[in-house]
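Descriptive analysis of the structure
Take a look at the letters that make up each chain.
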Amino acid sequence: MSEWGNLIPRSYKTEMPMAVRGEGIYIYDESGRAYIDGCSGALLSSVGHGNKEIVAAMTRQLETLEFAHPSRWMNAAALDAAKEAASIAPADLRSVWFVSGGSEAIESAVKMVRQYFVERDGLSSSKSVCIARWASYHGSTLGAMGLGGNMARRRMFSPLFLEGPKIEPHYCYRCPFGLEHPSCDLRCAHALEQTIRRIGPQYVAAFLAEPVVGSTVGALNPPEGYWPLVREICSRYDVLLVADEIMTGVGRTGKPFCVDHWKVVPDIICSAKALSGGYAPVGAMFVRDDIVEVLRSGSGSFMHGHTYNANPVTGAAVAATLRYMKAAKVFENAAVMGERLEKALAPLADLSLVGEVRGMGLMRGIELVENKATKKPFAPEKKAAAVVTGECMKRGLVVYPGSGQIDGVAGDQFMVAPPLIVTQTEVDEIVGRLEEGLRAAENRLRS
Ligand SMILES: Cc1ncc(COP(=O)(O)O)c(C=O)c1O
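Per chain, residues are indexed from 1 in the order of the written sequence. Where totals are concerned, whole chains, interfaces and linings use all residues; where local detail is concerned, this predicted model gives features only for residues with pLDDT of at least 70, and gives and counts side-chain atom pairs only at 80 or more. The side-chain values count all of the structure's non-hydrogen atoms but skip hydrogen atoms and water molecules.

Here the focus is the packing of aromatic side chains. Two rings from Phe, Tyr or Trp (for Trp, the six-membered ring) form a pair when their centres are within 6.5 Å of each other. A pair whose planes differ by under 30 degrees is stacked, one over 60 is edge-to-face, and the rest are tilted. In total, this model carries six aromatic pairs according to the counting rule given. Relative to Tyr-308, the ring of Phe-67 lies with its centre 5.9 Å away and its plane at 75°, an arrangement referred to as edge-to-face. With a gap of 241 residues between them, Phe-67 in the loop between α2 (52–64) and α3 (76–86) and Tyr-308 in the loop between α9 (289–296) and α10 (312–327) connect regions that are remote in the sequence. Note on classification: 1.4 Å probe, protein chains only; a residue is buried when its accessible area is under 20% of the maximum for its type, exposed when over 50%, partly exposed between these limits. Its relative accessible area of 28% is what places Phe-67 among the partly exposed residues. As a reminder, the over-ring test applies to NZ of lysine and CZ of arginine, requiring each to be within 6 Å of the ring centre and within 35 degrees of the ring normal. The lysine or arginine in question, Arg-153, covers the ring of Tyr-137, its NZ or CZ lying 4.2 Å from the ring centre. A run of H or I in DSSP becomes a helix once it reaches four residues, and a run of E becomes a strand once it reaches two; helices and strands are each numbered from the N terminus.

Turning to the site of the ligand, a few remarks are in order. Throughout, near means a residue has at least one heavy atom within 4 Å of the molecule or strand. If you check the shell around the ligand, you find Gly-101, Gly-102, Ser-103, Tyr-137, His-138, Gly-139, Glu-210, Asp-244, Ile-246, Met-247 and Lys-273 and nothing else. Between N or O atoms, a polar contact is any pair within 3.5 Å; within protein, one atom must be a potential hydrogen donor and the other a potential acceptor, and residues adjacent in sequence are included only when both atoms are from side chains. For the ligand, a nitrogen atom lies 2.7 Å from a polar atom in the side chain of Asp-244. Lys-273 places a side-chain nitrogen or oxygen 2.9 Å from an oxygen atom of the ligand. Relative to its free-state accessible area of 390 Å², the ligand is covered by the protein chains to the extent of 83%. A per-class count over the shell around the ligand returns three nonpolar, five polar and three charged. In this description, accessible areas are obtained by the Shrake-Rupley approach with a 1.4 Å probe, and a residue is regarded as covered only by the protein chains that are shown. When residues are sorted by character, Ala, Val, Leu, Ile, Met, Phe, Trp, Tyr, Cys and Pro go into the nonpolar class, Asp, Glu, Lys and Arg into the charged class, and all the rest, Gly among them, into the polar class.

Detection works on a 1 Å grid of protein atoms alone, calling trapped sets that fit a 1.4 Å probe cavities and calling open sets with protein on both sides within 12 Å along at least five of seven lines pockets, with lining residues defined by an atom within 4 Å of a point. Grid points are joined across faces, edges and corners, and a volume is the space filled by probe spheres set on the points. Volume-wise, the second largest pocket comes out at about 620 Å³. Taken together, 23 residues line the second largest pocket, and the ones lying closest to its centre are Met-74, Val-96, Trp-97, Phe-302 and Ala-310. Here the element with the most residues in the lining of the second largest pocket is strand β4 (residues 95–99); it accounts for four residues. Within the lining of the second largest pocket, the residues separate by chemical class into 16 nonpolar, six polar and one charged.

Structure below.
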């Protein structure tokens, strides 16, 4: 039996402090030491820890009604949450389906896409293929992993997947086509059209992508024009555009959803994480009204369901989180603090191990390299991302590491993504600790 008793931990090999209490942007360990939650857990604790209004709303709901099965009962908390959620969605994505996590939201979207085409065109509809991208992550259930292109996480399980076609990502720092923006003319986006035509548009149902690639590549923002072009291509071929905003959504990049920056309206948005501020397990799918209308006036039901669909306690958490975000102008703060973080991080690009600083709003990433000039990554055995994370942890700062983004093995990066309620002083404190951590890691990795 390990030190974790009966619990199977994420890793038996990594030492982890015991999280005891949270307040604002801080998490406290058993000894009372405070750590800045510089990555909001996994980009979800957007309103910080210990928000009393959200806790009170959830407690009220728990005391009134903790559960009523969604196939037999409607509940007011879920209706309220859907109304609040729809109020931040773009255009006519006003129909919301709640689940318990991001992977479930992705699975729901894939099934919604298929059911839409079947209801619209008949059971013999050939539209079922969902195109996604390499160097992406859409969740850890089998369906979501088959769509995702996180090579490191897929490797062991790939025989289990129903594999979908994948196009290259917009990884401009290491362009898969060896081109440069803007002279590349967005070859990576045009690859979508090429793939749709090769497969045959009559078979292609959807294109799924993260607006800013999160954990797999470390806050990889798209080149100018990418999302508008992808939207145009999808519309031209009757292919539904599904934006995975599980990390980027609910204010993370300074707008309600990241696609809002480009005025792009997807057909479906998958959300999770920050939608309940981390106070309840949640996932959600926002669907265009006319897509839902095809189901409503057709079979009359979405052939999908989980026990915790539209759960009342989650509903209370979502509604309270979104109300708090509006009242405290959290999205606006994220936009302003995002700019400050960008400026504060920029000088770190001069460090010898920093290849690129990237991202949007309060979702920033740093790619680590052994050689800046050649962009040669550190040898995987050096575990550069883990070394940086460890040095930051020593300085009371939690960041989000990732590796293997180049080919599944090579490449190190990490994300800095503090809660959206972060203040100017806290941003400066984060970057100060980060710089110290990076310098210490640089010494260790070069010795
Ligand atoms: C972009 C993206 N999609 C999907 C998921 C899966 O969400 P969950 O872990 O809640 O199932 C994640 C989780 O990190 C994510 O970052």
